[in-house]
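Secondary and tertiary structure notes
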Amino acid sequence: MQVFSCPGCHQLVFFANTACLRCGTRFAFDIDRLSMVVLDAAAQPCANAGVAACNWLAAGPGERCASCRLTRTRPADDDHEAVAQFQVAERAKRRLVFQLRTLGIVLVPRDEETGAGVAFDLLSSQQTPVTTGHAGGVITLDLAESDDVHRERVRTKLSEPYRTVLGHFRHEIGHYLFPVIVGDTDLPEVRALFGDERLDYQAALDRHYREGAPADWAERHVSEYATMHPAEDWAETLAHYLHLRGVLETAAAYRLRVDGPELPGPSTTSLASDPAAVDTSDAGALIDAWLPLSYALNAVSRSLGEEDLYPFVLSPVVMDKLRCVHELVLRAATASPVSTSRRELA
Ligand SMILES: [Zn+2]
Ligand SMILES: [Zn+2]
Ligand SMILES: [Zn+2]
């Protein structure tokens, strides 16, 4: 993610901030300008500033912001526990909406009549069960995933190396984007890489939970879950693409670079990475910058006694899938407007 500065005094501020600690200026994030703007009569905060702890600019007087408007269902105001979880989810969702915008993909609220656009149902599973997932442009999140204890318990139970609310959103938006950015003529190549997304989903799900992932899954998939069904492979890969782009953009903004550890012998692979210098239209360059950076970040994380920051290995096949996702995202960004060209799956 890019860095932000106070519109009053230009001090460094962060994505979730609402005021400058140095000069006291109150500001909000403007998705159209991708910067913080001073709040005044013409620039009003999102109507969900309170309930969603949202720091974005309202889309219009008295309205919600471009991110909050995508949320179709949320907990009742007096359900305090669920509202606290909802705020955590909305914070992650704003990162998603922001990142997609920087990649040229504009999410618009779902039109209930045409089915175009995307809606988020952020639901508490306190009373009734909620299944996190995507169907027909509606992304559902079980708000229990905002609770660290719950999420960590599930992560451990499923032996997942990584589980975050932002990760859920990046995965589910992958499902949503499939019919949006994959054209009919792309399907043969996409199916050759990921498999046929029309495969019986329930049968695949049953098999996955009965047998687990094949022993050699890492040769072709980025995660065990990706082996479950071609549609899950696509969503997992797209989520990883967004992880990679997000971290590289942050590294570039902070001028973080890796010159590589000094090794005694000649190295066959480059261990240097300069994210700020990467041609972001080139998938190969992005991956080349990603690998040394992720090795360094993992080593730093281990130095704090934590697990790897990025606990995944990208095999050559997975890199091919990432290249495919990259090309499709790049093309979607230049086609206009991506948000209105939603194509339903047959
Ligand atoms: Zn300031
Ligand atoms: Zn908002
Ligand atoms: Zn999925």
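The shown structure was predicted, so the numbers you read here are calculated from the model rather than taken from an experiment.

Here is what the cut-offs are and how they apply
In this numbering scheme, every chain counts its residues from 1 along its sequence in written order. As they are written, the chains are lettered A onward and the ligands numbered 1 onward, keeping that order. Restriction of local features to residues with pLDDT of at least 70 applies here, the model being predicted, together with a cutoff of 80 or more for giving and counting side-chain atom pairs; totals for whole chains, interfaces and linings are based on all residues. Each helix corresponds to a stretch of at least 4 residues labelled H or I by DSSP, and each strand to a stretch of at least 2 residues labelled E; elements are numbered beginning at the N terminus. Taken over C-alpha atoms, the radius of gyration is set against a globule rule of 2.2 Å times the number of residues to the power 0.38. Three classes are used. A residue is buried when 20 or more other C-beta atoms lie within 10 Å of its own, exposed when 12 or fewer do, and partly exposed in between, with C-beta atoms placed from the backbone. For every residue pair, C-beta atoms are placed from the backbone, and the pair is scored as a contact if these atoms sit within 7 Å. Pairing between strands is defined by DSSP: at least two bridges between the two strands are required. Axis definition: a line fitted to C-alpha atoms, over the contacting stretch in the case of helices. Angles run 0 to 180 degrees between N-to-C directions. Domain borders in the structure are assigned automatically or taken from a domain database. Gly is put with the polar residues, along with every residue not named as nonpolar or charged; the nonpolar set is Ala, Val, Leu, Ile, Met, Phe, Trp, Tyr, Cys and Pro, and the charged set is Asp, Glu, Lys and Arg.

Overview of the overall build of the protein
Per the secondary structure count, the protein includes eight helices and eight strands. Scaling as 2.2 N^0.38, a compact globule of 346 residues should have a C-alpha radius of gyration of about 20 Å, and the protein matches this with 21 Å. By its C-alpha atoms, the protein is 60 × 50 × 40 Å across when sized along the principal axes. Out of the 346 residues belonging to the protein, those deemed buried represent 34%. For the protein, contacts bridging at least 24 residues in sequence account for 53% of all contacts bridging at least 6.

So, the sheet that holds strand 6 (residues 119-123)
If you trace the four strands from one edge of the open sheet to the other, you get 5-6-8-7, paired in mixed fashion. Each edge of the sheet is formed by a strand with only one pairing partner; in this case those strands are strand 5 (71-73) and strand 7 (133-135). Strand-to-strand, the axes of this sheet are offset by a mean angle of 30 degrees, without reference to chain direction. Relative to strand 6, strand 5 is paired through two bridges, and the arrangement is parallel. Residue pairing for strand 6: Thr-71 is matched across the bridge by Phe-120.

Observations concerning the domain arrangement of the protein
As far as domains go, the protein holds domain 1 (67-181) and domain 2 (182-333). Counting residues at the interface gives 16 residues for domain 1 and 17 residues for domain 2. Ranked by residue count, the leading element in the side of domain 1 that touches domain 2 is helix 3 (residues 165-181), at ten residues. Each residue belonging to the side of domain 1 that touches domain 2 can be placed in one class, and the counts come to nine nonpolar, six polar and one charged.

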